[in-house]
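What the coordinates show
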Amino acid sequence: WAGNLGGGCEFSPPLKPQLHQLSEKEDDDVFFLDDSFVCYIGEDPSVVDAERVGGCAGIKTKALDLQAYAVSPPLTLEFELDGREWRPGQPLRIPGPQGPICLQVPDNATQGTRLRYQLAPKPEYRIEVPPEAGPGSLLNFKRRNGQVCEVTVPEEVDAGETFEVTPPSLMVRVPENAQPGDFVRFSRTVVSDSDVNLKGSRIEFFRAAVPV
């Protein structure tokens, strides 16, 4: 499942009608969209909000929180169906980056088939690129909670075409002894784009409830 970190948005790749207004900033390639360009797809039931609980200065967290591990999406896994015990249409445990992961074997799978899975949160919005915008343009729009979100139009998407947007997230592996409603804590390393030597990196800590 994915813990929603809040804040801005990340893009991953129909509808019609108008640009609400141009940004008043000096950059003419920034656009503010009205609702006619924004389609709400829905929330992923496996996505929950995460609470920031500390940083490098110290971790303030509950003693009963379970330790979990997080990676940035998308997480791509590849493996071959070999001699291990597996059945078409049934779940199969395979090695993951922080422990075993349970995935579904396709119904038409056969011995020697190489499978590729991409784990990522489902998109939350579908955005239509307005007439004046194009690849690389910055689009600002309001989420349903009133939060202003900024995304960059992907290179392969032109005016009149659409792309999908997901909330900024981490993929968190639920500990095997965790139950729905239990709280887990995890961390991520934040590095500045200009910090080539990683000397200015910092660790952020979060906690979230396992989805029901």
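Residues numbered from 1 in each chain as written. Predicted model: local features only at pLDDT ≥ 70, side-chain atom pairs only at ≥ 80, totals over all residues. Heavy atoms only, no water.

1. Here's the deal with the confidence of the model for the protein chain
The predicted coordinates ought not to be read in detail in places where the model reports low pLDDT. Short version of the rule: On a scale of 0 to 100, pLDDT captures the predictor's confidence in every residue. The helix count covers DSSP runs of H or I at least four residues long, the strand count covers runs of E at least two residues long, and both are numbered beginning at the N terminus. The contact rule is simple, with two residues in contact once any of their heavy atoms fall within 4.5 Å.
Of the residues in the protein chain, 77% reach a pLDDT of 70 or more, and the chain-wide mean stands at 78. Here strand β3 (residues 19-22) stands out as the least confident element of the protein chain, with mean pLDDT 32; strand β15 (residues 125-128) is the most confident, with 95. This model gives residues 1-26 a pLDDT under 50, and the stretch forms 94 contacts once residues within four places in sequence are excluded.

2. Considerations on unusual backbone geometry
For the bond running from Pro73 to Pro74, omega is -5°, close enough to zero to count as cis. Looking at where Pro74 falls in the secondary structure, it is placed in the loop between β10 (69-71) and β11 (75-80).

3. A closer look at the environment of Val174
Position of Val174 among the secondary structure elements: in the loop between β19 (169-173) and β20 (183-190). When the C-alpha positions of Val174 and Ala68 are compared, they lie 6.3 Å apart, and in sequence the two are 106 residues distant.

4. Here we look at the packing of aromatic side chains
Definition in use: Two aromatic rings from Phe, Tyr or Trp, using only the six-membered ring of Trp, form a pair when their centres are within 6.5 Å; if the ring planes differ by under 30 degrees the pair is stacked, by over 60 it is edge-to-face, and anything between is tilted. In this scheme, Lys NZ or Arg CZ marks a charge over a ring once it lies within 6 Å of the ring centre and within 35 degrees of the ring normal.
Evaluated as defined, the whole model comprises four aromatic pairs. Three or more aromatic residues link up through ring pairs in this structure, and these residues are Tyr40, Tyr125 and Phe141. Looking at Arg144, its charged tip hangs above the ring of Tyr40, at a distance of 4.0 Å from the centre. Geometry around Phe183 places Arg207 over its ring, the cationic atom sitting 4.0 Å from the centre.

5. Considerations on the environment of Glu161
One can find Glu161 in the loop between β17 (148-152) and β18 (162-166). Counting along the chain gives 34 residues from Glu161 to Ile127, while the straight-line C-alpha distance between them is 8.4 Å. Filtering out sequence-adjacent residues up to four positions away, Glu161 remains in contact with Ile127, Glu128, Val129 and Glu156.

6. Things to note about the nonpolar core
What counts is decided by this rule: Buried Ala, Val, Leu, Ile, Met, Phe, Trp, Tyr and Cys residues form a nonpolar core when they are joined through side-chain atoms within 4.5 Å. A 1.4 Å probe rolled over the protein chains alone gives each residue an accessible area, and that area as a share of the maximum for its type sets the label: buried under 20%, exposed over 50%, partly exposed in between.
Of all hydrophobic cores here, the largest spans 16 residues; its most connected members are Leu33, Ile127, Leu139, Phe141, Val151 and Phe163. Elements with a minimum of two residues in this core: β4 (30-33), β15, β16 (138-142), β17 and β18.

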